[in-house]
Amino acid sequence: MWERGFTAGAITVLNVGERVCGKLSHLEEINLIQADICAVAGSVHETIGLSGRATALEQCKKALKLRQDLIKMLEENGQTVGPSRILQLANAWNDLGVVKLSYRDFEEALLNILELQRLKKIHKSEEEIPWHFGEAYKNLAIIKLYQGDAVGAEEMARRSCELCCLGRTETDASTQKARSILGIVLMNNDKTGEAFRLLKGVYKARKEILGETNLHTRNSLYLVAELYRSAGKLTKAESSFRLVLNQCELSWSDEAIARAQYHLALVVKAIPDYLNAEREKEAVELINTARETRRKITPLYLETLTPAEELKSFGFLVSLLAGRWIG
(Lines give C-alpha, C1' and ligand atoms only; values in the text may rest on other atoms or scores of the structure.)
Protein backbone atom coordinates (compact mmCIF):
# COMPACT_ATOMS: atom_id res chain seq x y z
CA MET A 1 0.00 0.00 0.00
CA TRP A 2 2.77 2.45 0.97
CA GLU A 3 4.94 1.52 -2.04
CA ARG A 4 1.95 2.25 -4.28
CA GLY A 5 1.59 5.70 -2.78
CA PHE A 6 -1.25 5.24 -0.28
CA THR A 7 0.75 6.49 2.69
CA ALA A 8 -2.21 7.46 4.89
CA GLY A 9 -3.82 4.06 4.38
CA ALA A 10 -0.54 2.31 5.14
CA ILE A 11 -0.16 4.22 8.41
CA THR A 12 -3.69 3.24 9.45
CA VAL A 13 -2.96 -0.44 8.81
CA LEU A 14 0.35 -0.23 10.68
CA ASN A 15 -1.29 1.45 13.68
CA VAL A 16 -3.88 -1.33 13.84
CA GLY A 17 -1.08 -3.90 13.65
CA GLU A 18 0.76 -2.28 16.54
CA ARG A 19 -2.38 -2.21 18.69
CA VAL A 20 -2.99 -5.90 18.03
CA CYS A 21 0.62 -6.69 18.95
CA GLY A 22 0.18 -4.74 22.20
CA LYS A 23 -2.79 -6.90 23.17
CA LEU A 24 -0.82 -10.06 22.38
CA SER A 25 2.38 -8.98 24.11
CA HIS A 26 2.25 -12.05 26.40
CA LEU A 27 3.16 -14.21 23.38
CA GLU A 28 6.91 -14.51 22.83
CA GLU A 29 6.53 -14.74 19.06
CA ILE A 30 4.73 -11.40 18.85
CA ASN A 31 7.95 -9.40 19.37
CA LEU A 32 9.24 -10.47 15.98
CA ILE A 33 6.03 -9.42 14.24
CA GLN A 34 5.94 -6.11 16.11
CA ALA A 35 9.55 -5.42 15.14
CA ASP A 36 8.65 -5.96 11.48
CA ILE A 37 5.69 -3.58 11.81
CA CYS A 38 7.85 -0.92 13.48
CA ALA A 39 10.49 -1.24 10.77
CA VAL A 40 7.95 -0.67 8.00
CA ALA A 41 6.34 2.18 9.96
CA GLY A 42 9.73 3.85 10.31
CA SER A 43 10.24 3.75 6.55
CA VAL A 44 6.73 5.03 5.83
CA HIS A 45 7.03 8.00 8.20
CA GLU A 46 10.56 8.83 6.98
CA THR A 47 9.23 8.97 3.43
CA ILE A 48 6.75 11.69 4.42
CA GLY A 49 9.53 14.11 5.31
CA LEU A 50 10.18 16.34 8.32
CA SER A 51 6.66 16.05 9.74
CA GLY A 52 7.06 12.27 9.93
CA ARG A 53 10.71 12.17 10.95
CA ALA A 54 10.28 12.15 14.74
CA THR A 55 7.81 9.25 14.51
CA ALA A 56 10.16 7.47 12.12
CA LEU A 57 13.00 7.81 14.62
CA GLU A 58 10.80 6.52 17.45
CA GLN A 59 9.63 3.53 15.39
CA CYS A 60 13.15 2.61 14.25
CA LYS A 61 14.44 2.79 17.82
CA LYS A 62 11.56 0.58 18.94
CA ALA A 63 12.25 -1.96 16.18
CA LEU A 64 15.94 -2.05 17.15
CA LYS A 65 15.16 -2.61 20.84
CA LEU A 66 12.70 -5.39 20.03
CA ARG A 67 15.36 -7.14 17.91
CA GLN A 68 17.96 -6.69 20.65
CA ASP A 69 15.60 -7.95 23.37
CA LEU A 70 14.72 -11.02 21.34
CA ILE A 71 18.37 -11.95 20.83
CA LYS A 72 19.11 -11.32 24.51
CA MET A 73 16.24 -13.62 25.49
CA LEU A 74 17.48 -16.39 23.18
CA GLU A 75 21.00 -16.11 24.58
CA GLU A 76 19.79 -16.16 28.19
CA ASN A 77 17.76 -19.30 27.45
CA GLY A 78 20.79 -20.99 25.93
CA GLN A 79 19.28 -21.02 22.45
CA THR A 80 21.20 -20.51 19.23
CA VAL A 81 20.92 -17.09 17.60
CA GLY A 82 20.73 -17.90 13.90
CA PRO A 83 22.06 -15.78 11.02
CA SER A 84 18.56 -14.55 10.13
CA ARG A 85 18.16 -12.94 13.57
CA ILE A 86 21.54 -11.22 13.25
CA LEU A 87 20.67 -9.93 9.77
CA GLN A 88 17.37 -8.56 11.05
CA LEU A 89 19.22 -6.77 13.84
CA ALA A 90 21.67 -5.36 11.30
CA ASN A 91 18.80 -4.09 9.17
CA ALA A 92 17.35 -2.36 12.24
CA TRP A 93 20.65 -0.49 12.67
CA ASN A 94 20.46 0.45 8.97
CA ASP A 95 16.92 1.85 9.30
CA LEU A 96 17.94 3.94 12.29
CA GLY A 97 20.93 5.25 10.34
CA VAL A 98 18.70 6.36 7.46
CA VAL A 99 16.54 8.48 9.76
CA LYS A 100 19.65 9.97 11.39
CA LEU A 101 20.87 10.90 7.89
CA SER A 102 17.56 12.59 7.12
CA TYR A 103 18.22 14.72 10.21
CA ARG A 104 21.73 15.44 8.80
CA ASP A 105 23.18 13.69 11.86
CA PHE A 106 25.81 11.92 9.75
CA GLU A 107 28.16 11.18 12.67
CA GLU A 108 25.55 9.09 14.51
CA ALA A 109 24.40 7.59 11.22
CA LEU A 110 27.97 6.44 10.50
CA LEU A 111 28.10 4.55 13.81
CA ASN A 112 24.81 2.83 12.95
CA ILE A 113 25.95 1.80 9.47
CA LEU A 114 29.32 0.53 10.71
CA GLU A 115 27.49 -1.63 13.26
CA LEU A 116 25.29 -2.91 10.45
CA GLN A 117 28.34 -3.93 8.43
CA ARG A 118 30.01 -5.57 11.44
CA LEU A 119 26.97 -7.71 12.19
CA LYS A 120 26.45 -8.82 8.62
CA LYS A 121 30.07 -9.77 8.13
CA ILE A 122 29.81 -12.17 11.07
CA HIS A 123 27.68 -14.57 9.03
CA LYS A 124 27.67 -13.50 5.39
CA SER A 125 29.93 -12.07 2.70
CA GLU A 126 29.12 -9.37 0.16
CA GLU A 127 28.92 -12.04 -2.54
CA GLU A 128 26.34 -14.05 -0.57
CA ILE A 129 23.95 -11.17 0.16
CA PRO A 130 24.99 -8.36 -2.22
CA TRP A 131 21.78 -6.34 -1.86
CA HIS A 132 22.14 -6.17 1.94
CA PHE A 133 25.67 -4.79 1.73
CA GLY A 134 24.66 -2.54 -1.15
CA GLU A 135 22.20 -0.80 1.17
CA ALA A 136 25.05 -0.04 3.57
CA TYR A 137 27.24 1.44 0.83
CA LYS A 138 24.33 3.59 -0.32
CA ASN A 139 24.11 5.18 3.13
CA LEU A 140 27.88 5.48 3.41
CA ALA A 141 27.84 7.41 0.11
CA ILE A 142 25.46 10.00 1.58
CA ILE A 143 27.57 10.20 4.75
CA LYS A 144 30.65 10.89 2.60
CA LEU A 145 28.78 13.73 0.89
CA TYR A 146 28.01 15.31 4.26
CA GLN A 147 31.67 14.93 5.20
CA GLY A 148 32.71 16.76 2.02
CA ASP A 149 34.38 13.67 0.53
CA ALA A 150 33.09 13.78 -3.05
CA VAL A 151 35.45 11.08 -4.32
CA GLY A 152 34.60 8.71 -1.47
CA ALA A 153 30.87 9.34 -1.93
CA GLU A 154 30.99 8.42 -5.59
CA GLU A 155 33.08 5.33 -4.87
CA MET A 156 30.59 4.12 -2.27
CA ALA A 157 27.59 4.89 -4.50
CA ARG A 158 29.08 2.97 -7.44
CA ARG A 159 29.83 0.00 -5.19
CA SER A 160 26.25 0.13 -3.90
CA CYS A 161 24.99 0.11 -7.47
CA GLU A 162 27.15 -2.89 -8.36
CA LEU A 163 25.92 -4.92 -5.41
CA CYS A 164 22.25 -3.92 -5.54
CA CYS A 165 22.02 -4.65 -9.27
CA LEU A 166 23.87 -7.98 -9.07
CA GLY A 167 21.63 -10.78 -10.32
CA ARG A 168 18.62 -8.50 -10.51
CA THR A 169 16.54 -7.33 -13.43
CA GLU A 170 16.54 -3.83 -14.89
CA THR A 171 13.11 -3.18 -13.41
CA ASP A 172 13.89 -4.47 -9.91
CA ALA A 173 13.22 -1.99 -7.08
CA SER A 174 16.70 -2.56 -5.65
CA THR A 175 18.29 -1.71 -9.01
CA GLN A 176 16.30 1.49 -9.40
CA LYS A 177 16.92 2.62 -5.82
CA ALA A 178 20.68 2.13 -6.14
CA ARG A 179 20.80 3.98 -9.45
CA SER A 180 18.77 6.80 -7.95
CA ILE A 181 21.24 7.19 -5.07
CA LEU A 182 24.19 7.14 -7.48
CA GLY A 183 22.42 9.80 -9.54
CA ILE A 184 21.89 11.96 -6.44
CA VAL A 185 25.58 11.63 -5.51
CA LEU A 186 26.68 12.53 -9.03
CA MET A 187 24.26 15.48 -9.05
CA ASN A 188 25.91 16.78 -5.89
CA ASN A 189 29.37 16.19 -7.42
CA ASP A 190 28.53 18.34 -10.49
CA LYS A 191 28.54 15.29 -12.79
CA THR A 192 25.15 16.30 -14.07
CA GLY A 193 25.34 14.55 -17.46
CA GLU A 194 25.68 11.05 -16.02
CA ALA A 195 23.32 11.94 -13.16
CA PHE A 196 20.66 12.99 -15.67
CA ARG A 197 20.95 9.77 -17.69
CA LEU A 198 20.65 7.64 -14.55
CA LEU A 199 17.79 9.56 -12.97
CA LYS A 200 15.81 9.83 -16.20
CA GLY A 201 16.19 6.07 -16.63
CA VAL A 202 14.94 5.49 -13.09
CA TYR A 203 11.99 7.80 -13.74
CA LYS A 204 11.01 5.93 -16.91
CA ALA A 205 11.29 2.54 -15.19
CA ARG A 206 9.25 3.64 -12.18
CA LYS A 207 6.64 5.28 -14.39
CA GLU A 208 6.20 2.04 -16.34
CA ILE A 209 6.09 -0.19 -13.25
CA LEU A 210 4.44 1.99 -10.60
CA GLY A 211 2.56 4.59 -12.62
CA GLU A 212 2.87 8.37 -12.96
CA THR A 213 1.22 9.23 -9.64
CA ASN A 214 3.33 6.95 -7.43
CA LEU A 215 5.43 8.82 -4.87
CA HIS A 216 8.70 7.17 -6.01
CA THR A 217 7.93 8.07 -9.63
CA ARG A 218 7.26 11.66 -8.58
CA ASN A 219 10.51 11.84 -6.64
CA SER A 220 12.40 10.67 -9.73
CA LEU A 221 10.66 13.16 -12.01
CA TYR A 222 11.39 15.95 -9.51
CA LEU A 223 15.11 15.11 -9.72
CA VAL A 224 14.99 15.14 -13.52
CA ALA A 225 13.27 18.55 -13.41
CA GLU A 226 15.84 19.86 -10.95
CA LEU A 227 18.71 18.76 -13.20
CA TYR A 228 17.05 20.54 -16.13
CA ARG A 229 16.83 23.66 -13.94
CA SER A 230 20.47 23.50 -12.83
CA ALA A 231 21.56 22.99 -16.45
CA GLY A 232 19.64 26.08 -17.57
CA LYS A 233 17.11 24.09 -19.64
CA LEU A 234 14.31 26.08 -18.13
CA THR A 235 11.47 25.27 -20.53
CA LYS A 236 11.97 21.54 -19.97
CA ALA A 237 12.37 22.15 -16.25
CA GLU A 238 9.07 24.03 -16.13
CA SER A 239 7.11 21.35 -17.97
CA SER A 240 8.62 18.65 -15.75
CA PHE A 241 7.84 20.52 -12.52
CA ARG A 242 4.27 21.13 -13.71
CA LEU A 243 3.88 17.44 -14.54
CA VAL A 244 5.21 16.35 -11.14
CA LEU A 245 2.76 18.71 -9.40
CA ASN A 246 -0.22 17.42 -11.40
CA GLN A 247 -2.58 15.61 -8.98
CA CYS A 248 0.33 15.54 -6.50
CA GLU A 249 -2.01 15.38 -3.51
CA LEU A 250 -2.79 11.76 -4.43
CA SER A 251 0.53 10.39 -3.22
CA TRP A 252 3.01 13.14 -2.34
CA SER A 253 3.63 14.66 1.08
CA ASP A 254 3.11 18.36 1.83
CA GLU A 255 6.90 18.71 2.16
CA ALA A 256 7.58 17.33 -1.31
CA ILE A 257 4.83 19.48 -2.85
CA ALA A 258 6.21 22.63 -1.20
CA ARG A 259 9.70 21.96 -2.51
CA ALA A 260 8.46 21.41 -6.06
CA GLN A 261 6.30 24.55 -5.88
CA TYR A 262 9.26 26.63 -4.76
CA HIS A 263 11.50 25.27 -7.52
CA LEU A 264 8.81 25.78 -10.17
CA ALA A 265 8.54 29.41 -9.04
CA LEU A 266 12.30 29.84 -9.48
CA VAL A 267 12.04 28.51 -13.02
CA VAL A 268 9.05 30.69 -13.92
CA LYS A 269 10.88 33.80 -12.70
CA ALA A 270 14.07 32.78 -14.55
CA ILE A 271 12.54 32.76 -18.06
CA PRO A 272 12.52 36.51 -18.89
CA ASP A 273 10.98 36.18 -22.36
CA TYR A 274 7.78 34.78 -20.88
CA LEU A 275 7.70 36.68 -17.59
CA ASN A 276 4.49 38.69 -17.84
CA ALA A 277 2.30 39.93 -15.00
CA GLU A 278 0.30 36.70 -14.87
CA ARG A 279 3.37 34.47 -14.59
CA GLU A 280 4.97 36.83 -12.07
CA LYS A 281 1.82 36.55 -9.95
CA GLU A 282 1.87 32.75 -10.25
CA ALA A 283 5.50 32.62 -9.09
CA VAL A 284 4.74 34.80 -6.05
CA GLU A 285 1.74 32.62 -5.14
CA LEU A 286 3.79 29.43 -5.49
CA ILE A 287 6.52 30.78 -3.22
CA ASN A 288 4.01 32.03 -0.64
CA THR A 289 2.21 28.68 -0.62
CA ALA A 290 5.49 26.79 -0.23
CA ARG A 291 6.62 29.05 2.62
CA GLU A 292 3.27 28.72 4.38
CA THR A 293 3.59 24.92 4.25
CA ARG A 294 7.09 25.21 5.68
CA ARG A 295 5.83 27.41 8.54
CA LYS A 296 3.15 24.85 9.40
CA ILE A 297 5.67 22.01 9.46
CA THR A 298 8.52 23.65 11.35
CA PRO A 299 9.46 26.91 13.13
CA LEU A 300 13.15 26.28 12.39
CA TYR A 301 13.57 28.88 9.67
CA LEU A 302 13.67 32.66 9.75
CA GLU A 303 11.35 34.66 7.55
CA THR A 304 14.34 36.17 5.75
CA LEU A 305 16.66 33.61 4.17
CA THR A 306 19.19 34.01 1.38
CA PRO A 307 18.20 32.23 -1.86
CA ALA A 308 20.77 29.49 -1.17
CA GLU A 309 19.51 29.01 2.39
CA GLU A 310 15.91 28.84 1.25
CA LEU A 311 16.71 26.29 -1.44
CA LYS A 312 18.33 24.03 1.18
CA SER A 313 15.51 24.60 3.66
CA PHE A 314 13.02 22.99 1.30
CA GLY A 315 15.46 20.16 0.65
CA PHE A 316 15.72 19.43 4.37
CA LEU A 317 11.94 19.09 4.58
CA VAL A 318 11.81 16.05 2.31
CA SER A 319 12.88 12.45 2.71
CA LEU A 320 16.56 11.79 2.17
CA LEU A 321 15.77 9.29 -0.61
CA ALA A 322 13.80 11.95 -2.47
CA GLY A 323 17.16 13.64 -3.22
CA ARG A 324 18.82 16.74 -1.82
CA TRP A 325 21.51 19.27 -2.50
CA ILE A 326 24.10 18.43 0.16
CA GLY A 327 27.05 20.54 1.24
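The sections below set out a description of the structure shown in this document. These numbers come from a predicted model, not from an experiment. (Residues numbered from 1 in each chain as written. Predicted model: local features only at pLDDT ≥ 70, side-chain atom pairs only at ≥ 80, totals over all residues. Heavy atoms only, no water.)

## Focus on the packing of helix α10 (residues 215–230) against helix α12 (residues 254–270)
Close contact between α10 and α12 brings their axes to 11 Å; oriented N to C, the two are set at 25 degrees. For the element pair α10 / α12, the angle class is roughly parallel. The hand of the α10/α12 crossing is left-handed. Mapping the contact onto sequence places Tyr 222, Glu 226 and Arg 229 in α10 and Arg 259, His 263, Leu 266 and Val 267 in α12. The residue inventory of the contact of α10 with α12, partitioned by class, reads 3 nonpolar, 1 polar and 3 charged. (Axes fitted to C-alpha atoms, helices over the stretch in contact; angles between N-to-C directions. Helix = DSSP H or I, 4+ residues; strand = E, 2+ residues; numbered from the N terminus. Parallel < 35°, antiparallel > 145°, perpendicular 65-115°, else oblique. Left-handed = near helix turned anticlockwise from the far one by under 90°. Contact = heavy atoms within 4.5 Å. Nonpolar A, V, L, I, M, F, W, Y, C, P; charged D, E, K, R; others polar.)

## Focus: the packing of helix α7 (residues 150–165) against helix α8 (residues 173–188)
Packing of α7 against α8 brings their axes to within 8 Å, and their N-to-C directions diverge by 170 degrees. On the basis of the axis angle, α7 is roughly antiparallel to α8. Of the two possible hands of crossing, α7 and α8 adopt the one that is left-handed. Here α7 contributes Ala 153, Glu 154, Ala 157, Arg 158, Ser 160, Cys 161, Cys 164 and Cys 165 to the contact with α8, which in turn contributes Ser 174, Thr 175, Ala 178, Arg 179, Leu 182, Val 185 and Leu 186. Broken down by class, the residue content of the contact of α7 with α8 amounts to 9 nonpolar, 3 polar and 3 charged.

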